[in-house]
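# Structure at a glance
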Amino acid sequence: MIQMAVLGFGTVGSGVVEIIEQNAHRIERAVPEGLHVKYILDIRDFPDSPYGDRVVHDLDIILNDPEVRLVCETMGGKEPARTFTQKALERGISVCTSNKELVAAFGPSLLKTAREHNCSYLFEASVGGGIPLLDTLLSNLAQEDITSVTGILNGTTNYILTKMESEGADYKEVLSRAQAMGYAERNPAADVEGHDAGRKIAILSSLITGKNVGYEEIHVEGITGVTMDDIKAADELGYGIKLLGRCCVTEEGLEVITAPFCVKKSHPLYPVRDVFNAVLVHGNMVDDIMLYGRGAGKLPTGSAVVSDLIQMARADKPLVIRWDEEPMELVPFGMQKHCFWLRVENSIVDRVLALFTDSTELLHQDFSDFTVIMTGPVREDDFAQRTAGVEGILSVLRILES
Ligand SMILES: NC(=O)c1ccc[n+]([C@@H]2O[C@H](COP(=O)([O-])OP(=O)(O)OC[C@H]3O[C@@H](n4cnc5c(N)ncnc54)[C@H](OP(=O)(O)O)[C@@H]3O)[C@@H](O)[C@H]2O)c1
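Computed from a predicted model, the values in this text were never measured in an experiment. (Residues numbered from 1 in each chain as written. Predicted model: local features only at pLDDT ≥ 70, side-chain atom pairs only at ≥ 80, totals over all residues. Heavy atoms only, no water.)

With that settled, the discussion passes to helix α14 (residues 380-387). Along an α-helix, residues three or four positions apart point the same way, because every turn accommodates 3.6 residues. Within the sequence span of α14, burial applies to Glu380, Phe383 and Thr387. Projected down its long axis, α14 carries its buried residues within an arc of 60°, all on one side. Gly389, located one to two residues past α14, shows a positive phi value of around 80°. (Buried < 20%, exposed > 50% of the residue type's maximum accessible area, 1.4 Å probe, protein only. Helix = DSSP H or I, 4+ residues; strand = E, 2+ residues; numbered from the N terminus. Arc of directions from axis to C-beta.)

Okay, here's the thing in structure tokens:
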């Protein structure tokens, strides 16, 4: 059997162990020797778990056991996950992870360590949970020039926005419900402020370019400012509001953004509801492909981790992912062009319309308490300049063009 260790026996780590035990017969079709979890590293003991006797608290027990060939890191956070991963790779032990925070911050350097020590570092579960997304991009779409990736990459925010739309409940109420149901963390900032989706689009952008797209370089907005009035008005005008991570190759270069967008009801991402994730990829040969599934959860995420373990167990040489440390130059945020959605007080409609007379697709719709104005493509810095100091703008969103 191929011996392995799980670092972090929480939601995802316990899912990994469960899948390896429960689906052993399936896994053996791909890895005839079978996978065996020899150690589980955690801070706590798990006396009531059937796997409690495998729990250790000292990483060196794992690193010093020559039988251990694979490790999955499902602890989360930057440290000590980074140090533990680094140490395992330096011993030539292949590592896979669901830890997007670590991958977004240290992906290229950990991949370099893996290359230098003839082992692999994989992170399928770090983006899109159970959706087989990264391997699809890196293997099945390796022949493609990927020109855009647009995704609903965070289940918590998609759940909140979906419930606001379908039940007319306000943001705070839905957030508390999401927390009670375990869909949102007690401190939801990483999700609702867009950082989680931002990290994921940084990883995707890095993988499609092969260079490093730093998470801090990306413009990130969350959903905390989205109101019921925005959602209702969008609905009436044939749109839904979705938090999107988007990277797009334009004539100016690579544009990356995470923000709430108005998405037309006819768009394939519109029907993606609740905690589901979906990613629309455009390749220059294959055209559009959409991948859809559960973006989080013990078993879906565990399944993606196990798929990495299977790949690493089957490989007779290290699996190479091209993601260099060289920074990828992005189109500065101010130069990105978007179509804007402004919800404004009725008293300033003419003033705002006058700001965008040169905008080709200027539309406006009068609701009783406010008006929605939709512009054609305008540069971000230009938009900010034109609207600076205008009082009575209630909200600003972007509109997803096809
Ligand atoms: N949950 C999901 O659906 C999901 C989906 C996709 C990706 N992810 C990512 O997967 C990673 C794990 O998430 P999770 O939800 O499984 O987290 P979790 O439930 O908090 O599990 C983490 C486990 O690691 C243990 N741990 C923390 N620090 C440790 C250390 N220094 N040494 C040993 N064990 C340590 C924790 O122990 P304590 O509980 O005692 O702290 C806990 O048992 C995160 O990066 C997360 O972002 C999660």
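Many structure descriptions define interface size as the accessible area lost when the parts assemble. Per the domain assignment, the segments making up the protein are domain 1 (2-130 + 298-314), domain 2 (134-294) and domain 3 (335-399). Here the C-alpha centroids of domain 2 and domain 3 sit 23 Å apart. Residue-level contacts link 19 residues of domain 2 with 14 residues of domain 3. Between domain 2 and domain 3 the total buried area reaches about 1500 Å² when both faces are included, carbon and sulfur atoms providing 65% of it. (Domains from an automatic or database assignment. Contact = heavy atoms within 4.5 Å. Buried area = accessible area lost by both parts, 1.4 Å probe.)

Moving on to the nonpolar core. Across soluble globular proteins, you tend to see nonpolar side chains buried next to one another. Counting residues in each nonpolar core, the largest one holds 111 residues, and the members touching the most others are Tyr121, Phe123 and Leu309. Here this core takes seven residues from helix α12 (residues 298-314), the largest share from any one element. Core analysis: the second largest hydrophobic core is formed by 12 residues, Val344, Val352, Ile373 and Val390 among them. (Core = buried A, V, L, I, M, F, W, Y, C linked by side-chain atoms within 4.5 Å.)

Another point: the pairing of strand β12 (residues 287-294). As paired strands, strand β11 (residues 276-283) and β12 are joined by eight bridges and run antiparallel to one another. If you follow Gly283 over to β12, its bridge partner there is Asp287. Linkage of β11 to β12, two consecutive antiparallel strands, is achieved through a turn of three residues. (Pairing = 2+ DSSP bridges.)

Looking at the ligand, there are 19 residues lining it, with Thr11, Val12, Asp42, Ser98 and Gly297 nearest. Here an oxygen atom of the ligand and a side-chain polar atom of Arg44 are 2.9 Å apart. Burial of the ligand by the protein amounts to 71% of the accessible area it has alone, namely 890 Å². Judged by its atoms lying within 2 Å of the grid points, the ligand is housed in the largest pocket. A per-class count over the shell around the ligand returns seven nonpolar, nine polar and three charged. (Near = heavy atom within 4 Å. Polar contact = N/O pair within 3.5 Å; in protein donor to acceptor, adjacent residues only side chain to side chain. Areas by Shrake-Rupley, 256 points an atom, 1.4 Å probe, with all protein chains shown as cover. 1 Å grid on protein atoms, 1.4 Å probe; cavity = no way out; pocket = protein on both sides within 12 Å on 5 of 7 lines; lining within 4 Å. Sits in = over half its atoms within 2 Å of the grid points. Nonpolar A, V, L, I, M, F, W, Y, C, P; charged D, E, K, R; others polar.)

A complete count under the given rule lists 22 salt bridges for this structure. With a shortest N-O distance of 3.0 Å, Glu18 and Lys298 are connected by a salt bridge. Of this pair, Glu18 sits in helix α1 (residues 11-22) while Lys298 sits in helix α12, and the two are 280 residues apart along the sequence. Across the pair Lys112 and Glu325 runs a salt bridge whose closest N-O atoms are separated by 3.9 Å. Taken together, the residues span a long stretch of sequence, with Lys112 in helix α5 (residues 100-116) and Glu325 in the loop between α12 and β13 (337-345) at a distance of 213 residues. Residue Lys112 is classed as partly exposed on the basis of its relative accessible area of 36%. Within this structure, Lys163, Glu167, Arg177 and Asp274 form a network of salt bridges that share partners. (Salt bridge = Lys/Arg side-chain N within 4 Å of Asp/Glu carboxyl O.)

The next thing to look at is the layout of surface pockets. There is about 1400 Å³ of room inside the largest pocket. Lining the largest pocket we find 50 residues, and of these Thr11, Val12, Lys100, Glu185 and Ala296 sit closest to its centre. The set of elements that each furnish at least two residues to the lining of the largest pocket consists of α1, α5, α7 (155-167), α9 (189-192), α10 (195-209) and α12. Considered class by class, the residues forming the lining of the largest pocket number 17 nonpolar, 22 polar and 11 charged. Of the residues that make up the lining of the largest pocket, three or more belong to each of domain 1 (2-130 + 298-314) and domain 2 (134-294). (Points joined across faces, edges and corners; volume = space filled by probe spheres on them.)

Our focus in this paragraph is the pairing of strand β2 (residues 35-41). β2 sits mainly inside the fold: five of its seven residues count as buried. Where strand β1 (residues 2-7) and β2 come together, six bridges link them in parallel fashion. Residue pairing for β2: Gln3 is matched across the bridge by His36. As defined by bridge partners, β2 adjoins strand β3 (residues 55-56) across two bridges and the pair is classed as parallel. Among the inter-strand pairings, Leu41 is bridged to a residue of β3, identified as Val56.

Where α5 contacts α10, the axes come no closer than 9 Å and their chain directions differ by 45°. When the interaxial angle is binned, α5 and α10 end up oblique. Crossing of α5 against α10: the hand is left-handed. The segment α5 lies against α10, with Lys100, Glu101, Val103 and Ala104 engaging Asp196, Arg199, Lys200 and Ile203. (Axes fitted to C-alpha atoms, helices over the stretch in contact; angles between N-to-C directions. Parallel < 35°, antiparallel > 145°, perpendicular 65-115°, else oblique. Left-handed = near helix turned anticlockwise from the far one by under 90°.)

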